[in-house]
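As a plain string of letters, each chain reads:
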Amino acid sequence: MSIPDLDAHLLQLGALPQHRSRVLRHWLQALPLEHGRRPLQGFLPKALHEALPELLARWNGQLSLHAREGAADGSERLLWLLQDGQSVESVLLPPRAKSWGLCVSSQVGCAVGCGFCMTGQGGLIRQLSALEILAQVARARQMRAVNKVVFMGMGEPAHNLDAVLAAIEALGSEGGFAHKQLVFSTVGDERVFPRLHAARVKPALALSLHTTKPQLRRELLPRAPALEPAWLVEQADAYARASGYPLQLQWTLLEGVNDAEEEAIVALLKGRYALLNLIPFNTVPGLPYRRPSWDAARQLAARLTQQGVLTKLRDSAGQDVEGGCGQLRARIQAERPIKIQRAKPSSVSPATEPSSA
């Protein structure tokens, strides 16, 4: 089901824009149906009010919880089973100050093929619909408070741009999220920057940089667009200044690979409206990279900050439960393979509850 499918169904039930907005607010914010000063009965068209429980069940049913694993740092990794038998991950991030974050996926698999990422090893299987992305948020909010959503899970958001931006617009309006609490993460793509500038809901931007060296970046991100790191930083910095939200630069620290670029980092990033996040590699069995020592990473972060590059050292969530992107999915598929069922053409009416795979 896509957003246009959802809108067409609501229109059939007599929904006007204000009715659509109210119904989506209840779903995306996990609000009880009795919530609000004006009761839904009497406000919504009768047909829509009567169909509402079935609608919410159908939207929630875009995915089902297949596994839930908590970690000592307070994070929880969620594995969702989709209706066609595929699966994706979300992560309830450790609470920080007043931030209760959720990391969501935008694709099943990923085409970028980052050499240090488990998800990238299997390639791209399919895109997620905007509704499947939104369902990750709605279902997570039924578990606990969520006031920040980062698009840093499985997949490259720039490769599913229409669905991701549609989901961001819904989250920034009916979802009740502050726009700066929605973070669009990308390895960089020429199509991204004009679309973000034109978007009605402008999210904060996170750019996965990982190195200042063009050749090394092509090796680490073999199927990312062959764009120069300096050009990417320039474009991302311009968007950050226009949106008013500092750019977040993601840098996965790989011992002996990209942890000795201090001078080049300062030259490229000093004076930027940006925060550099150093993230020591989350060890993935079978990959040829090593996680640097915490002391070495801490010292690098301190030196960069002293030289004018605002830097934070961040630890990957869920270290004790193999919390790297795609690791829970890969492990569970190996232990309990998920049978994939191909979707069959359906003749049911839009109001009929689809069966789960």
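What counts, and where the lines are drawn
- Residues numbered from 1 in each chain as written.
- Predicted model: local features only at pLDDT ≥ 70, side-chain atom pairs only at ≥ 80, totals over all residues.
- Heavy atoms only, no water.
- Helix = DSSP H or I, 4+ residues; strand = E, 2+ residues; numbered from the N terminus.
- Buried < 20%, exposed > 50% of the residue type's maximum accessible area, 1.4 Å probe, protein only.
- Contact = heavy atoms within 4.5 Å.
- Salt bridge = Lys/Arg side-chain N within 4 Å of Asp/Glu carboxyl O.
- pLDDT = per-residue confidence, 0-100.
- Core = buried A, V, L, I, M, F, W, Y, C linked by side-chain atoms within 4.5 Å.
- Lys, Arg positive; Asp, Glu negative; His and termini not counted.
- Polar contact = N/O pair within 3.5 Å; in protein donor to acceptor, adjacent residues only side chain to side chain.
- Phe/Tyr/Trp six-rings, centres within 6.5 Å; stacked < 30°, edge-to-face > 60°.
- Axes fitted to C-alpha atoms, helices over the stretch in contact; angles between N-to-C directions.
- Left-handed = near helix turned anticlockwise from the far one by under 90°.
- Nonpolar A, V, L, I, M, F, W, Y, C, P; charged D, E, K, R; others polar.
- Expected span 1.5 Å × (residues − 1).

Q: Honestly, unusual backbone geometry in this entry has me stumped. Any pointers?
A: Residues other than glycine predominantly adopt negative phi, and peptide bonds predominantly adopt the trans conformation. The backbone phi angle of Ala30 is positive, close to 55 degrees, even though this residue is not glycine. Checked against the element boundaries, Ala30 lands in the loop between helix H2 (17-28) and helix H3 (46-60). Located in the positive-phi region is His210, a residue other than glycine, with phi close to 70 degrees. Take His210: it is sitting in the loop between strand S9 (204-208) and helix H7 (214-220). For His210, a relative accessible area of 5% corresponds to the buried category.

Q: Just checking my understanding: could you explain the environment of Arg217 for this structure?
A: Looking at the element boundaries, Arg217 is found in helix H7. Here the alpha-carbon distance between Arg217 and Glu228, two residues 11 residues apart in the chain, equals 8.8 Å. Setting aside residues no more than four positions away along its own chain, Arg217 makes contact with Val187, Ser208, Leu209, Thr211, Pro225, Leu227, Pro229 and Leu232.

Q: How should I be thinking about the pattern of salt bridges in this particular structure?
A: Pairs may arise between side chains of opposite charge once their charged atoms sit close together. Following the criterion strictly, the structure yields 15 salt bridges and no others. For the salt bridge of Arg126 with Asp84, the shortest nitrogen-to-oxygen distance reads 2.7 Å. Of this pair, Arg126 sits in strand S6 (residues 124-127) while Asp84 is found in the loop between strand S2 (76-82) and strand S3 (87-92), placing the two residues 42 residues apart along the sequence. Close ionic contact of Asp237 with Arg272 constitutes a salt bridge, the shortest N to O distance being 3.5 Å. Of this pair, Asp237 sits in helix H8 (residues 229-243) while Arg272 sits in the loop between helix H9 (262-269) and strand S11 (274-280), and the two are 35 residues apart along the sequence.

Q: I'm lost on the confidence of the model for the protein chain in this one. Help?
A: Caution applies to low-pLDDT parts of the model: their predicted coordinates are not meant to be read in detail. Per-residue confidence for the protein chain gives a mean pLDDT of 89; residues scoring 70 or more make up 88%. Below a pLDDT of 50 lies the segment residues 318-324, which in the model reaches 23 contacts outside its immediate sequence neighbourhood of four places, other chains included. A low-confidence stretch, residues 329-334 (pLDDT under 50), is modelled with 17 contacts involving residues beyond four sequence positions or located in other chains.

Q: So what exactly am I meant to see when it comes to the nonpolar core here?
A: Core analysis: the largest hydrophobic core is formed by 81 residues, its most contacted members being Trp27, Trp59, Val149, Phe184, Leu249 and Leu276. Counting residues in each nonpolar core, the second largest holds 15 residues, with Phe116, Leu216, Ala224 and Tyr289 among its members.

Q: In this structure, what is going on with the side chain of Glu156? I would like to understand it.
A: One can find Glu156 in the loop between strand S7 (148-151) and helix H5 (161-172). Buried within the structure, Glu156 lacks any salt-bridge partner; Arg191 is the closest side chain of opposite charge, at an N-O distance of 7.5 Å. Engagement of the side chain of Glu156 in a polar contact is seen with the side chain of Thr186, the distance being 2.7 Å. Once residues within four sequence positions are removed from consideration, Glu156 is found in contact with Ser106, Gln107, Cys110, Val112, Ser185, Thr186 and Val187.

Q: Even after reading the chapter, I still don't get the packing of aromatic side chains, so can you show me in this structure?
A: By convention here, two paired aromatic rings are described through the distance between centres and the angle between planes. A full pass over the atoms with the stated rule returns three aromatic pairs. Arranged with centres 6.0 Å apart and planes meeting at 80 degrees, the rings of Phe193 and Trp231 form a pair that is edge-to-face. Separated by 38 residues along the polypeptide, Phe193 in helix H6 (residues 192-198) and Trp231 in helix H8 bring together distant segments of the chain. Between Phe281 and Tyr289 the ring centres are 6.2 Å apart and the planes differ by 75 degrees, which places this aromatic pair in the edge-to-face class. For the pair shown, Phe281 and Tyr289 are each scored as buried.

Q: Looking at this structure, I do not really get the packing of H9 against helix H10 (residues 294-306). What am I missing?
A: When two helices pack together, you describe them by how their axes are tilted relative to each other and by the distance separating the axes. Direction vectors running N to C along H9 and H10 enclose 40 degrees, while the axes themselves pass 10 Å from each other. Read as a crossing pair, H9 and H10 show a hand that is right-handed. Judged by residue contacts, Glu262, Ile265 and Val266 of H9 engage Leu300, Arg303 and Leu304 from H10. Across the contact of H9 with H10, the residue classes break down as four nonpolar, no polar and two charged.

Q: What should I look at first to understand H5 in this one?
A: Structural remark: α-helix, 3.6 residues per turn; residues separated by three or four positions point the same way. Here H5 contains 12 residues, and its C-alpha end-to-end distance of 16 Å stays within 8% of the 16 Å for a straight helix at 1.5 Å per residue. With nine of 12 residues buried, H5 lies mostly within the body of the structure. Of all the residues in H5, the buried ones are Leu161, Ala163, Val164, Leu165, Ala167, Ile168, Ala170, Leu171 and Gly172. Buried residues belonging to H5 abut H2, helix H4 (130-141), S7, strand S8 (182-186) and H6.

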